[in-house]
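Single-letter residue listing:
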Amino acid sequence: MAVTIKSKSEIEKMRKAGHILALVQEEMAKHVKPGISTWELDKIGEQKIRELGATPSFLHLYGFPASICISVNDRVVHGIPSKQEILQDGDIVSLDAGVNYQGYHSDAARTVPCGTVSAEAQRLIDVTRQSFFEGIRFATAGNHLYDISAAIEDYVVAHGYSCVRDLVGHGIGSQVHEDPQIPNFRQKRRGIRLAAGMTLAVEPMVNEGRYDVCVLDDDWTVVTDDGLLSAHYENTILITDGEPEILSILK
Ligand code: MG
């Protein structure tokens, strides 16, 4: 599948989808507190998405049973919200959500501290977030896609962590997952040349220990092999001739 270049009107819808998602992420983060269940967080996110005139992209996507992927501590991504999973003081909570606005999607993830977290856990959250910004310094028309991948990995490895290899970022638009795939680690080649109008979901998944992951028996939840922490940070961006426009943060 070719990488699509979005038209002005498509970009307008994606901007709106991104803005809604930024508001949804802000709302969910406010409720990350000891004692709340991940099921309740999912409902808060879904309700906010619908209130803002959109629908949750992840609900039933490939059969996923909820609106928000919620992945606590050693969970990397694709955690299924549950009434039995109650957040504890010191947890780190990755909230990954997608918004469909008039047929166009945005996708973003944040890792949020629950109560008081250890300095080590906070450092993992901060390095993961910053690795996204290090990567997108290269996200400009004319540059090559895998320059983003290399910049993310270099920053993460320099801080003593590793980038998950089994899961990658992706193009996004009328489908949640479009070409190209965007690895978060150095590739042998430089990849496709970026062009204005491409829309990408760049999403480093960073492990405290080794990069190896496995999938739990629920066939969804991805966890670190070594049981150490993992964090996730993602935004939907628009490639331009200058700096990329980050569609899923509040401006
Ligand atoms: Mg994504």
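Use the structure listed above.
This one's a predicted model, so the numbers in the text were calculated from it and none came from an experiment.

(A) Representation of the overall build of the chain in the model. Scanning the chain from terminus to terminus reveals four helices and 15 strands. Relative to the compact-globule value of 18 Å for 251 residues, the chain shows a C-alpha radius of gyration of 17 Å, a close match. Principal-axis analysis of the C-alpha atoms places the extent of the chain at approximately 45 × 40 × 35 Å. Going through the 251 residues of the chain one by one, you find that 54% of them count as buried.

(B) Focus on the sheet that holds strand E11 (residues 213-215). Here three strands make up an open sheet; going across it, the order is E3-E12-E11 and the pairing antiparallel. If you trace the sheet from one side to the other, it starts and ends with strand E3 (75-77) and E11, each paired once. Strand-to-strand twist of the sheet, defined as the mean angle between neighbouring strand axes without regard to direction, takes the value 40°. The pairing of E3 with strand E12 (residues 222-224) spans two bridges and is classified as antiparallel. Its bridge partner being in E12, arginine 75 is matched across the sheet by valine 223.

(C) Local environment of helix H1 (residues 8-30). Look at H1: 33 Å from first C-alpha to last across 23 residues, which is about the 33 Å you get at 1.5 Å a residue. Among all positions in H1, only Ile11, Met14, Ala17, Gly18, Ile20, Leu21, Ala22, Val24, Gln25, Glu27 and Met28 are buried. Looking at the buried positions of H1, the neighbouring elements they touch are helix H2 (38-51), strand E2 (68-72), strand E4 (92-101), strand E5 (104-113), strand E9 (199-202) and strand E14 (235-238).

About the cut-offs
- Residues numbered from 1 in each chain as written.
- Predicted model: local features only at pLDDT ≥ 70, side-chain atom pairs only at ≥ 80, totals over all residues.
- Heavy atoms only, no water.
- Helix = DSSP H or I, 4+ residues; strand = E, 2+ residues; numbered from the N terminus.
- Rg over C-alpha atoms; globule rule 2.2 N^0.38 Å.
- Buried < 20%, exposed > 50% of the residue type's maximum accessible area, 1.4 Å probe, protein only.
- Pairing = 2+ DSSP bridges.
- Axes fitted to C-alpha atoms, helices over the stretch in contact; angles between N-to-C directions.
- Expected span 1.5 Å × (residues − 1).
- Contact = heavy atoms within 4.5 Å.

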